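# Structural overview for review
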Amino acid sequence: MLQIYDDQHRRIAGIDDPDDLKIEKTLSSGDKQISFSYPKTGSEIENLRAEYYIRTKDDEYVLKEISTGENKNSYVAQLNIEELESQEFLYGFESVTQTARACLEFAFDGTGWTVGICTVTKRRTVSIDETCNAWDVLQEVMDTYRCECKIDSIQKRIDLYEVIGMDRGAYFIEGLNLRKLTLKSDTYDFYTRIYPVGKDGITPEIILGVPYIDNHQYSDKVIPRYWKDERYTNTTSLIEDATAKIEEMSRPYKAYTAEVVDLAKASEKYKDILSYGIGDTVTLVSKKTRTKEKQRIVKITEYPETPEKNTVEISNARKTFAEIQKEETAAATEEAISISNRATKKVLEIGRAS
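Just so it is clear, the model here is predicted, and its values are computed rather than measured.

### Notes on the sheet that holds strand β18 (residues 213-214)
Strands sit in the order β18-β17-β19 across an open sheet of three strands; the sheet is mixed. Whereas interior strands pair on both sides, the edge strands pair on one side only; in this sheet they are β18 and β19 (224-228). Pairing between strand β17 (residues 193-197) and β19: five bridges, direction parallel. By the bridge assignment for β19, V197 is matched with K228. Contacts from helix α5 (residues 235-249) reach β17, β18 and β19 within the one sheet, and its direction differs from that of β17 by about 150 degrees.

Structure, rendered in structure tokens:
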């Protein structure tokens, strides 16, 4: 059942049987989204308004998108993190050599959100130069501390873990619970040697004897990359994070999309051996694609009414949400500068011609 609250957080209605209900969960950001349909002749149609709140038994969402149809309207609601998005840092944000908990408690101060469980003990520096909000800080924390989060949007709590999920021994296998498997693999960002540089030019050489760290788990090729991050003032921390980075980047990126039947929810018989959750490690077995390997679940799309439509994205996830956003922003900025330079050049050429 979906509970509907108005924009003042007053419960006003409930929907027992929404059509086409879909729930999406993402590991990289901890975010969730739901979508559903509702008949245009339904008794609660007037209560489904943009910016109203939708509650499930586990989470609270904000209704963000409404698409009208001939017989039904379609709705999309995003996880309610309004207070985090409203906590703005106009001149940027900085937390120097703090724990993840201390950093987030500072960022969340006054929002009503708290940090619950936190198994991350390392100290790092988080520095964002441009205007940002507390949600941006959370994403940066997960990138910098190489950790993952669970979001309780009803209790307004963030739990931080080194790694979410576990290896429960679950597997997806053709003929049982795996209906279709597709694979995307590439080595565009592949490298086997990293040259990390921190603040004031610190490198691993003072401890390791060489200024680089190698990992040849997949290939004996020497493919170097230079990584500079002036937030690192401690050589040991620099080495620790550079080692983790090269561990991920020195193997081909693989991402599977699996159409699965959630037998664990359909039958008690399979509850203990086939149940899975976000972040869990599962074994993939497919004769068609000649696949047998373990990967982590990085995204789950669930259809509570029609679980046979469920899909799971499984990957040796390397890039965090923050890293991807940085790359996209950098690429967009570079393109904007390039366009600006071309335009300036054109104006100068026209000026000289006249």
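### Structural notes on the packing of aromatic side chains
A complete count under the given rule lists seven aromatic pairs for this structure. Seen from their ring centres, F172 and Y276 are 5.3 Å apart, and the 90 degrees between their planes marks the pair as edge-to-face. Linking F172 in strand β15 (residues 171-173) with Y276 in the loop between α7 (271-274) and β21 (281-286), this pair joins segments that are 104 residues apart in sequence. Ring geometry for W227 against Y232: centres 5.6 Å apart, planes inclined by 70 degrees, an arrangement best described as edge-to-face. For Y232, a relative accessible area of 7% corresponds to the buried category. Taken together, the ring pairs in this structure connect F89, F93 and F106 into an aromatic cluster. R55 extends its terminal NZ or CZ atom over the ring of Y5, reaching a point 5.2 Å from the ring centre.

### Regarding helix α3 (residues 134-144)
Counting buried positions over the 11 residues of α3 gives 10, a clear majority of the element. By the burial criterion, the buried members of α3 are A134, W135, V137, L138, Q139, E140, V141, M142, D143 and T144. The backbone nitrogen of W135 has a side-chain oxygen 3.0 Å away, supplied by the residue at the start of α3, namely N133. Once α3 finishes, R146 follows within two positions and takes phi at roughly 50 degrees, a positive value.

### Description of the nonpolar core
Within the largest apolar cluster, 46 residues are counted, with the highest numbers of intra-cluster contacts made by L48, F93, F108, V137, V141 and L160. In terms of residue count, the dominant contributor to this core is α3 (six residues). When residues no more than four places from it in sequence are discounted, the contact partners of L160 are A100, L104, I117, C118, T119, V120, L138, V141, C147, E148 and C149. Counting 14 residues, the second-largest nonpolar core is a separate cluster that includes L178, Y256, A258 and Y276.

### Comments concerning the pairing of strand β3 (residues 19-26)
For β3 and strand β4 (residues 32-39), the ladder comprises five bridges, and the chain directions are antiparallel. Bridge pairing links K22 to S35 in β4. Linking β3 back to β4 in an antiparallel pair, the connection comprises five residues, with G30 at a positive phi of about 80 degrees. In terms of strand pairing, β3 meets strand β22 (residues 291-302) through four bridges, oriented antiparallel. Looking at the pairing, E24 lines up with T301 of β22.

### A look at the layout of surface pockets
Over the atoms rolls a probe the size of a water molecule, and its path tells where empty space is left. As a volume, the second largest pocket reaches approximately 610 Å³. As for the second largest pocket, its lining consists of 28 residues, and the residues nearest its centre are K25, K150, R168, G277 and I278. Secondary structure elements with two or more residues in the lining of the second largest pocket: β3, β13 (148-152), β14 (157-161), α6 (263-266) and β22. At four residues, the largest contribution of residues to the lining of the second largest pocket is made by β13.

### Topic: the sheet that holds β13
With mixed pairing, the three strands of this open sheet are ordered in space as β10-β14-β13. Each edge of the sheet is formed by a strand with only one pairing partner; in this case those strands are β10 (114-118) and β13. Sheet twist, expressed as the average angle between the axes of neighbouring strands with direction ignored, equals 25 degrees. Strand contacts of helix α2 (residues 100-108): β10 and β14, with the helix running at about 165 degrees to β10, the strand carrying the most contacts. Contacting β13 and β14, α3 runs over the sheet at an angle of about 145 degrees to β13.

### Section: α2
Inspection of α2 places A100, C103, L104, A107 and F108 among the buried residues, and these make up the whole buried set. When α2 is viewed along its axis, its buried side chains cluster within an angular range of 120 degrees and face the same direction. A positive backbone phi angle near 90 degrees is found at G110, which sits one or two residues after α2.

### With respect to the pairing of β13
Extensive coverage of β13 is indicated by the burial of four of its five residues. As defined by bridge partners, β13 adjoins β14 across five bridges and the pair is classed as antiparallel. Bridge pairing links K150 to D159 in β14. Adjacent in sequence and paired antiparallel, β13 and β14 are bridged by four residues, among which K156 carries a positive phi angle near 55 degrees.

### Regarding the side chain of T144
Checked against the element boundaries, T144 lands in helix α3. Excluding its chain neighbours within four sequence positions, the residues that come into contact with T144 are R124, T125, V126, R231, Y232 and D241.

### Digging into the side chain of K122
For K122, the location among the structural elements is in the loop between β10 and β11 (123-128). On the accessibility criterion, K122 (15% relative accessible area) is buried. Among the polar contacts listed, one links the side chain of K122 to the backbone oxygen of Y145, at a separation of 3.3 Å. Among all residues touching K122, those that are not within four sequence positions of it are Q98, T99, A100, Y145, E162, E240 and D241.

Cut-off values and rules
Residues numbered from 1 in each chain as written. Predicted model: local features only at pLDDT ≥ 70, side-chain atom pairs only at ≥ 80, totals over all residues. Heavy atoms only, no water. Pairing = 2+ DSSP bridges. Helix = DSSP H or I, 4+ residues; strand = E, 2+ residues; numbered from the N terminus. Contact = heavy atoms within 4.5 Å. Axes fitted to C-alpha atoms, helices over the stretch in contact; angles between N-to-C directions. Phe/Tyr/Trp six-rings, centres within 6.5 Å; stacked < 30°, edge-to-face > 60°. Buried < 20%, exposed > 50% of the residue type's maximum accessible area, 1.4 Å probe, protein only. Lys NZ or Arg CZ within 6 Å of the ring centre and 35° of its normal. Polar contact = N/O pair within 3.5 Å; in protein donor to acceptor, adjacent residues only side chain to side chain. Core = buried A, V, L, I, M, F, W, Y, C linked by side-chain atoms within 4.5 Å. 1 Å grid on protein atoms, 1.4 Å probe; cavity = no way out; pocket = protein on both sides within 12 Å on 5 of 7 lines; lining within 4 Å. Points joined across faces, edges and corners; volume = space filled by probe spheres on them. Arc of directions from axis to C-beta.

Take it as geometry only, folks, not as evidence of what the structure does.
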